[in-house]
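What follows is the residue order along each chain.
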Amino acid sequence: MSKQGKMRAETRLSQRGRYPIEKHGGTPINPPIQRASTIIYPDYATMKKFSAREIGVPRPHEIGQNFLRYGLQGTDTHFALEEVVRDLAAADDCLLLPSGLAAITLCYDTFTQCGGQVLVPLTVYHPNRYFCEKVLPRRGVSVQWYDPRIGADIDSLFSENSQLLFIESPGSLTFELSDVPALAAAARRHRVPSVIDNTWATPLYFDALAHGVDIDLHAGTKYFSGGSDLLLGTLASRGKIAAELRNAFELRGDGVSPEDAALALRGMRSLPVRLRQHEAGGYELAERLAAHPEVEAVIHPGRADHPDHAIFARDFSGAGGLFAFTLNSRYDEAAVAAFCDALELFVMGPSWGGFDSLLVPYDLRAMRPAAAWHETWQHKGWLMRVFCGLENPDDLWNDLERGFASLPKM
Ligand SMILES: *Cc1c(COP(=O)(O)O)cnc(C)c1O
């Protein structure tokens with residue numbers, strides 16, 4: 001380990017992924033954006049050496065021998081981003097995928113086979129759920145859905161056919177927290193790889209591998225980018241699992257553009273400071289919402305009134321800016337529409353993690369299997385998912401008050 005190995009995350013995020021090339025007597029801070037399909041080698045011996053990329057992970061012989069590295073496996077631009085994410089997650093390897101969803105499906109592709117079973121939380125990110133419902137059964141892979149709050153009882157859901165444990169905590173939209181160390185330990189006992197969609201927390205706020213999970217998955221589209229202008233997925237893992245993932249990845253042909261990699265790399269440098277602002281603004285809005293008479297409940301894992309807050313306090317070191325609140329249940333869809341249309345700063349749209357604040361209403365009773373809308377909440381009102389951007393929280397609060405003022409008087 002270099003001297004830099006002891007530095008804190010913020011420092012490493014600025015130091016890693018630098019490929020100094022000396023030109024004109026100086027060096028650009030950022031690695032160049034390298035566009036490449038063909039990579040040419042000066043002689044036979046060099047070409048042979050680079051037919052197996054050195055990633056610090058032992059790789060099966062047949063792959064290493066057959067693949068000659070070219071643009072699809074990345075350029076220095078990609079390797080710089082891989083290095084930063086890998087270092088942040090304390091992993092051996094990091095894969096870059098063209099979207100968060102592609103990172104999710106690569107995990108299923110790598111570890112499942114016909115006759116197998118995967119364990120997936122009921123509250124999983126919706127496109128992930130659709131993949132499980134529509135694609136996996138066609139491949140002869142069954143899905144064992146589980147309550148994200150099941151904890152160590154998940155043990156009884158494993159079978160000899162179990163091939164992958166998927167975790168997402170907090171749950172999508174409803175923010176239930178899982179006892180991740182308990183779930184990951186159960187997967188280890190059953191010799192089943194585990195993966196967590198850790199997009200909400202980033203590796204800065206939840207250290208997935210240190211909590212026993214094998215694969216730390218991120219939609220880099222969100223906080224890593226920070227600009228709402230690219231799509232990216234990342235998978236960080238160690239040892240044999242990392243080698244299996246990379247081998248499956250190289251057989252699939254998914255690549256990320258060097259421009260997107262460079263933008264995400266730039267995003268990573270400022271991740272800690274952006275996250276702190278999203279987090280502070282999020283807490284501020286959540287606090288004011290909780291005191292508002294038209295709000296039924298605020299659902300924010302970092303607040304003491306969240307039913308799973310003890311897990312948050314134990315495992316997480318921060319919260320970011322994504323949370324939800326439910327409106328008083330007497331408001332119908334027309335009222336929700338009036339609320340949304342009165343907003344001037346909050347914009348409506350999926351995907352989050354950029355500088356803009358977002359608000360999206362959901363009628364969860366229509367979207368979720370009953371079991372997933374956990375009885376703990378017992379909420380009846382429309383759920384408003386809030387992403388607190390980088391604007392001043394006072395301005396954002398004034399905007400939400402415009403929304404409340406537009407609700408029909410009943
Ligand atoms: C957005 C998101 C994804 C998917 O990312 P894309 O890059 O849009 O495919 C996956 N998981 C979570 C939790 C997300 O928020």
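Check the entry above for the structure.
Since this is a predicted model, take the numbers as computed values, not measurements.

Reading the values: rules and limits
Residues numbered from 1 in each chain as written. Predicted model: local features only at pLDDT ≥ 70, side-chain atom pairs only at ≥ 80, totals over all residues. Heavy atoms only, no water. Pairing = 2+ DSSP bridges. Helix = DSSP H or I, 4+ residues; strand = E, 2+ residues; numbered from the N terminus. Axes fitted to C-alpha atoms, helices over the stretch in contact; angles between N-to-C directions. Buried < 20%, exposed > 50% of the residue type's maximum accessible area, 1.4 Å probe, protein only. Expected span 1.5 Å × (residues − 1). Contact = heavy atoms within 4.5 Å.

**Considering the sheet that holds strand β10 (residues 358-362)**
Taken together, four strands build an open sheet; the order of strands is β8-β9-β11-β10 and the sheet is antiparallel. With partners counted over all chains shown, the strands left at the sheet margins are β8 (295-299) and β10, one partner each. On average, each strand axis in the sheet is inclined to that of its neighbour by 20°, with strand direction left out of account. For strand β9 (residues 322-327) and strand β11 (residues 383-387), the ladder comprises five bridges, and the chain directions are antiparallel. Residue pairing across strands places phenylalanine 323 opposite valine 386, the latter belonging to β11.

**Here's the deal with the pairing of β8**
With respect to burial, β8 is a largely interior element, four of its five residues being buried. Sheet topology places β8 next to β9; four bridges connect them, and they run antiparallel. Along β9, the bridge assignment pairs isoleucine 299 with alanine 324.

**A word on helix α10 (residues 258-269)**
Over its twelve residues, α10 extends 17 Å from the first C-alpha to the last, a length consistent with the 16 Å expected when each residue adds 1.5 Å. Along α10, the residues classified as buried are Pro258, Ala261, Ala264, Leu265, Gly267, Met268 and Arg269. Elements in contact with the buried residues of α10: α1 (9-15), α4 (76-88) and α11 (271-290).

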